[in-house]
Amino acid sequence: MRPGPDRAHGLRPAADGGPAGRKSTTREPIIQESEAPEPEATRREAGVGESTRANRGWWDRNADEYQVEHGTFLGDDRFVWGPEGLDEVEAELLGPPEELKGRDVLELGAGAAQCSRWLAGQGARPVALDISHRQLQHALRIGGEFPLVCADACALPFADASFDLVCSAYGALPFVADPRLVLREVHRVLRPGGRLVFSVTHPVRWAFPDEPGPEGLSVSGSYFDRTPYVEQDERGAAVYVEHHRTLGDRVRDVVGSGFRLVDLVEPEWPSWNTAEWGGWSPLRGHLIPGTAIFVCVRD
């Protein structure tokens with residue numbers, strides 16, 4: 001799982017909570033960089049190229065802090081779909097664990113490849129792909145006997161029909177200007193009958209302030225405003241971009257890219273999870289959805 005910053009509409013947990021995965025004992029210190037001016041947050045258009053450049057740079061710069069801050073929750077080999085704590089062990093959205101053995105699986109936006117490591121533990125043959133070189137260095141640090149690929153999800157470096165399954169937990173799709181580019185590439189590399197499962201911030205969250213308390217329960221903008229969230233430097237160049245799609249947009253993107261949507265999962269906030277994660281919290285989680293998981297099949 002590779003969520004975005006809490007000042008946007010992605011996930012940056014403020015504290016760990018819920019059942020933790022196996023904690024790594026090889027955490028790296030955060031690399032100290034020179035102080036830079038705080039970026040300006042705005043809503044404006046940002047195309048494919050600008051979004052890609054901005055988000056590759058953001059994740060390279062912030063990978064160390066992200067893995068230190070959230071490594072305990074993510075574990076080294078845990079597959080979590082979102083801040084609610086829905087675990088693939090229980091959800092089985094990719095299918096029963098015993099049926100994963102021998103399957104070729106591509107993880108998009110893998111970060112430190114925690115999900116791929118879990119898949120490998122079930123006997124699958126995962127490939128972990130991420131646009132951030134620094135995130136994949138953390139995957140190397142933790143270890144695992146599976147390939148790591150640094151590439152753009154909009155142009156997958158794989159042959160047609162290479163995989164049985166493709167998964168993405170808050171990776172890639174929220175950060176690309178045209179998600180259909182990713183979905184069409186996934187369709188190409190999946191074998192007939194293959195499954196795509198991906199999670200994103202629930203689209204309804206874009207109408208609310210990204211706050212965990214009562215102030216985050218009042219609508220502050222139009223759900224139908226698809227203008228990207230952009231953080232830009234003093235020159236006006238984007239340094240982080242996140243894109244909004246309505247629920248209907250997501251469904252049309254999936255179907256229009258050649259998939260059949262077989263399930264749409266909106267995880268409820270469990271009673272055991274008492275942590276606040278950026279704009280995610282028990283207060284909000286019991287009232288409005290925070291994550292949408294799309295389960296798709298390539299016929």
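Quick look at the structure, then. (Residues numbered from 1 in each chain as written. Predicted model: local features only at pLDDT ≥ 70, side-chain atom pairs only at ≥ 80, totals over all residues. Heavy atoms only, no water.)

### Considerations on helix 3 (residues 114-121)
In an α-helix, one full turn covers 3.6 residues, which means residues spaced three or four apart are oriented alike. In terms of residue burial, helix 3 counts as a mostly covered element, since six of its eight residues are buried. Burial in helix 3 covers these residues: Gln-114, Cys-115, Ser-116, Arg-117, Trp-118 and Leu-119. The elements touched by buried residues of helix 3 are helix 1 (48-74), helix 2 (88-91), strand 2 (104-108), strand 3 (125-130), helix 4 (133-142) and strand 5 (163-169). Where helix 3 terminates, the next one or two residues include Gly-123, which has phi positive at roughly 95°. (Buried < 20%, exposed > 50% of the residue type's maximum accessible area, 1.4 Å probe, protein only. Helix = DSSP H or I, 4+ residues; strand = E, 2+ residues; numbered from the N terminus. Contact = heavy atoms within 4.5 Å.)

### Some remarks on helix 5 (residues 179-189)
Taken as a whole, helix 5 has its buried residues at Pro-179, Val-182, Leu-183, Glu-185, Val-186, His-187 and Val-189. The elements touched by buried residues of helix 5 are strand 2, strand 5, strand 6 (190-201), helix 6 (247-256), strand 9 (259-265) and strand 10 (291-298).

### Overview of empty space enclosed by the protein
Applying the stated rule across the entire model yields three cavities of 30 Å³ or more. Around the second largest cavity sit Pro-174, Val-200, Thr-201, Pro-203, Trp-206, Glu-242, His-243, His-244, Arg-245 and Arg-250, which together line it. Looking at side-chain class alone, the lining of the second largest cavity contains four nonpolar, three polar and three charged residues. (1 Å grid on protein atoms, 1.4 Å probe; cavity = no way out; pocket = protein on both sides within 12 Å on 5 of 7 lines; lining within 4 Å. Points joined across faces, edges and corners; volume = space filled by probe spheres on them. Nonpolar A, V, L, I, M, F, W, Y, C, P; charged D, E, K, R; others polar.)

### Points about the pairing of strand 6
Relative to strand 6, strand 5 runs parallel, the two sharing six bridges. If you follow Ser-168 over to strand 6, its bridge partner there is Phe-198. Of the strand pairs in this sheet, strand 6 and strand 10 are connected by seven bridges, and their pairing is antiparallel. The partner of Leu-196 across the bridge, within strand 10, is Cys-296. (Pairing = 2+ DSSP bridges.)

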